[in-house]
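Report on the structure
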Amino acid sequence: QRIRERKLAKFIPWGPASIQVALSKRSPYVESPHRVSGLMVANHTSIASLFSRTVSQYDKLRRREAFLDNYRQTPLFEHDLDEFDDSREVVMSLIDEYRACERPDYIEHGIRESAAAMARS
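1. Focus on the confidence of the model for the chain
In this model, the chain carries an average pLDDT of 82, and 88% of its residues clear a pLDDT of 70 or more. Looking over the chain, one finds the lowest element-wise mean pLDDT in helix H1 (residues 2-5), namely 70, and the highest in helix H2 (residues 47-63), namely 94.

Written out as structure tokens, the structure reads:
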């Protein structure tokens, strides 16, 4: 809670502020000058900016048809590059989901998405 109060990290408004960190004695398998070893696994919405940059860079390369010759020589891509385009759409949906997570009304986001999908069907 102190981390949220001191604004050391940005937390989602609709969930608890929690960080999980595991500390253990020095590993017998990895050389290290430190007495303890630590691991932190985090899933946070900041990854959306990395995904956005990646999609932007992909779009620039795709427009220029850069580095695609080797792919077109493989059986999967000999007719078209739909796999790349489909993958881009998956990443865009991840970006949308992470951005929706940052809003206080995220709980309703899934309900709205389901209703919109049902309306299209």
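Picking up where we left off.
2. Notes on unusual backbone geometry
Located in the positive-phi region is Glu65, a residue other than glycine, with phi close to 55°. Locating Glu65 in the fold gives a position in the loop between H2 and helix H3 (69-72). According to the relative accessible area criterion, Glu65 is partly exposed, its value standing at 37%. Residues other than glycine seldom take positive phi values, yet Phe67 does so here, at roughly 60°. Locating Phe67 in the fold gives a position in the loop between H2 and H3.

Each value, and the rule that gives it
Residues numbered from 1 in each chain as written. Predicted model: local features only at pLDDT ≥ 70, side-chain atom pairs only at ≥ 80, totals over all residues. Heavy atoms only, no water. pLDDT = per-residue confidence, 0-100. Helix = DSSP H or I, 4+ residues; strand = E, 2+ residues; numbered from the N terminus. Buried < 20%, exposed > 50% of the residue type's maximum accessible area, 1.4 Å probe, protein only.

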